Amino acid sequence: MGLPDRTSDFKYIVETHQEKVRNICFRFVNNHEDTDDLAQEVFVQVYESLGHFRKESELTTWIYRIAVNESLDFLRRKKRKKRFAYLISLVGIDENKQGTVPAAAENPQRELENNERKEILIRAIGKLPEAQQTAITLSKIEGFRNKEIASVMGISLSAVEALIHRAKKNLHKLLYHYFRE
Amino acid sequence: MNKKEKTEQEIQKTLELLDHMEQLPPDHSFYTRVMARLDEERQRQSVFPAILKPAFLTALIVINLGTAIRHFRGSEATRQTDSQQELIEVLSRDLNLEAYQSNLFTIE
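Remember, predicted model here, so these are calculated numbers, not experimental data.

Analysis parameters
- Residues numbered from 1 in each chain as written.
- Chains lettered and ligands numbered in written order.
- Predicted model: local features only at pLDDT ≥ 70, side-chain atom pairs only at ≥ 80, totals over all residues.
- Helix = DSSP H or I, 4+ residues; strand = E, 2+ residues; numbered from the N terminus.
- Buried ≥ 20, exposed ≤ 12 C-beta atoms within 10 Å, placed from the backbone.
- Contact = placed C-beta atoms within 7 Å.
- Nonpolar A, V, L, I, M, F, W, Y, C, P; charged D, E, K, R; others polar.
- Axes fitted to C-alpha atoms, helices over the stretch in contact; angles between N-to-C directions.
- Parallel < 35°, antiparallel > 145°, perpendicular 65-115°, else oblique.
- Left-handed = near helix turned anticlockwise from the far one by under 90°.
- Core = buried A, V, L, I, M, F, W, Y, C linked by C-beta atoms within 7 Å.
- Domains from an automatic or database assignment.
- pLDDT = per-residue confidence, 0-100.
- Expected span 1.5 Å × (residues − 1).

**As for the overall build of chain A**
Stage number 1. Counting its regular elements, chain A contains seven helices and zero strands.
Stage number 2. Reading chain A from its N terminus to its C terminus gives the helix and strand order α-α-α-α-α-α-α.
Stage number 3. Evaluated residue by residue, chain A yields a buried proportion of 29% over its 181 residues.
Stage number 4. Contacts in chain A between residues at least 24 apart in sequence constitute 60% of all its contacts with a sequence separation of at least 6.

Here is the structure:
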């Protein structure tokens, strides 16, 4: 037995929104494999909840909100796993310790490769409070204006602008501590 | 360039990357993968009740049978008690006994 007739509407929804949803997920998780898995999960949720969509917001806003929430949940789960792995390593069970500090930290004077710089930036963004992380991440995705970010986050436009401003300030602080050492 | 200026330069170079992060292009096979995943979810959901339903029905029948058996056993006891009580009342009337004297017929 196949899926219900709303499949054709759903196809339109997926094709219209998949690029932005995948980019939202990618900006949060920063790897292609997890992005694909996460983005698929977003649309599965959209499909299952389409009947309950109450049209209190635009469909687009609703979909992007699911994408942001799923991405944040994914990051929280990842942090918990990391914490657990760190505890395991303290006890000495896991001998395969991975270095978490890029080579640049050993010699801050040397010119950094773009990949290492990107890695540093991603880690710094990951240390921001969730609201700031969300605001600044969405603001850097093509086609996302602050007004749309405000709708997705359910806050005012001025609140989004304040979050982005604070996020940039905090990023500057985090990077300063990193490069100064 | 002093150390502070050098540090600031590194910070700015790093922050500039924010505006040049990778953007994913549209993926034309993405919809196919989403539908495959939905099919998987549906199959997983239909296997689960196929196993649970017979087990649930069996449990329901057993519980109902148990309740019915207990009920009828209880009714039997109640009927016996009612007959005894009736007999006591009849005997009390025949012998003109007071209510407090009717307990003479109570078998312990």
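More follows now that the structure is in view.
**Remarks on the overall build of chain B**
Stage number 1. A tally of regular secondary structure across chain B gives two helices and zero strands.
Stage number 2. The buried share among the 108 residues of chain B stands at 6%.

**Concerning the interface of chain A and chain B**
Stage number 1. With 26 residues of chain A at the interface, the matching set in chain B holds 21 residues.
Stage number 2. Among the elements that make up the side of chain A that touches chain B, the one with the highest residue count is helix H1 (residues 7-29) of chain A (nine residues).
Stage number 3. A per-class count over the side of chain A that touches chain B returns 12 nonpolar, four polar and 10 charged.

**Describing the environment of Leu-138 of chain A**
Stage number 1. Turning to its location among the elements, Leu-138 of chain A is positioned in helix H5 (residues 130-139).
Stage number 2. A C-alpha to C-alpha distance of 9.0 Å links Leu-138 of chain A and Val-68 of chain A, two positions 70 residues apart in sequence.

**A word on the packing of helix H6 (residues 146-153) of chain A against helix H7 (residues 157-180) of chain A**
All names here are of chain A.
Stage number 1. Two elements in contact, H6 and H7, have axes separated by 8 Å at closest approach and are oriented at 100°. Taken together, the axes of H6 and H7 are roughly perpendicular relative to one another. Across from Asn-146, Lys-147, Ile-149, Ala-150 and Met-153 in H6, the residues of H7 making contact are Leu-157, Val-160 and Glu-161.
Stage number 2. Split by residue class, the contact of H6 with H7 holds five nonpolar, one polar and two charged.

**Some thoughts on the packing of H7 of chain A against helix H1 (residues 3-16) of chain B**
Stage number 1. At a closest axis distance of 9 Å, the pairing of H7 of chain A and H1 of chain B adopts a crossing angle of 130°. By the angle between their directions, the pair H7 of chain A and H1 of chain B is classed as oblique. Taken as a pair, H7 of chain A and H1 of chain B cross one another with a handedness that is right-handed. On H1 of chain B, the residues touching Leu-171, His-172, Leu-175, Tyr-176, Phe-179 and Arg-180 of chain A of H7 of chain A are Thr-7, Glu-10, Ile-11, Thr-14 and Leu-15 of chain B.

**Thoughts on unusual backbone geometry**
Residue and element names in this part refer to chain A.
Stage number 1. At Asn-30, a position not held by glycine, the phi torsion is positive, near 60°.
Stage number 2. Turning to its location among the elements, Asn-30 is positioned in the loop between H1 and helix H2 (32-49).
Stage number 3. Note on Asn-30: 18 C-beta atoms within 10 Å, which makes it partly exposed.

**Concerning H6 of chain A**
Stage number 1. When we look at burial in H6 of chain A, the residues that qualify are Glu-148, Ile-149, Ala-150 and Val-152 of chain A.
Stage number 2. Once H6 of chain A ends, the next one or two residues include Gly-154 of chain A, with phi positive near 70°.

**Comments concerning the nonpolar core**
Stage number 1. Cys-25 and Ala-67 of chain A are the most contacted members of the largest nonpolar core, which totals 41 residues.
Stage number 2. At the level of elements, H1, H2, helix H3 (59-91), helix H4 (114-126), H5, H6 and H7 of chain A together with helix H2 (30-94) of chain B are the ones that each hand at least two residues to this core.
Stage number 3. Taken domain by domain, the makeup of this core includes at least three residues from each of domain 1 (1-98) and domain 2 (99-181) of chain A.
Stage number 4. Sequence-distant contacts of Cys-25 of chain A, that is, excluding residues within four places in its chain, are made with Thr-35, Leu-38, Ala-39, Ala-67 and Ser-71 of chain A.

**Quick word on the confidence of the model for chain B**
Detailed reading of predicted coordinates is not advised where the pLDDT is low.
Stage number 1. Residues with a pLDDT of 70 or more make up 78% of chain B, whose mean pLDDT is 81.
Stage number 2. Across the assembled chains, the prediction reports ipTM 0.76 with pTM 0.69.

**Things to note about H2 of chain A**
Stage number 1. Under the 1.5 Å per step criterion, the end-to-end length of H2 of chain A is 26 Å for 18 residues, consistent within 8% with the ideal 26 Å.
Stage number 2. Taken together, the buried positions of H2 of chain A are occupied by Thr-35, Leu-38, Ala-39, Gln-40, Val-42, Phe-43, Val-46 and Tyr-47 of chain A.

**Some words on the confidence of the model for chain A**
Stage number 1. Overall, the predicted model of chain A reaches an average pLDDT of 84, with 82% of residues at or above 70.
Stage number 2. When the criterion is pLDDT under 50, residues 94-106 of chain A qualifies, and its contacts beyond four places in sequence or with other chains add up to 11 contacts.

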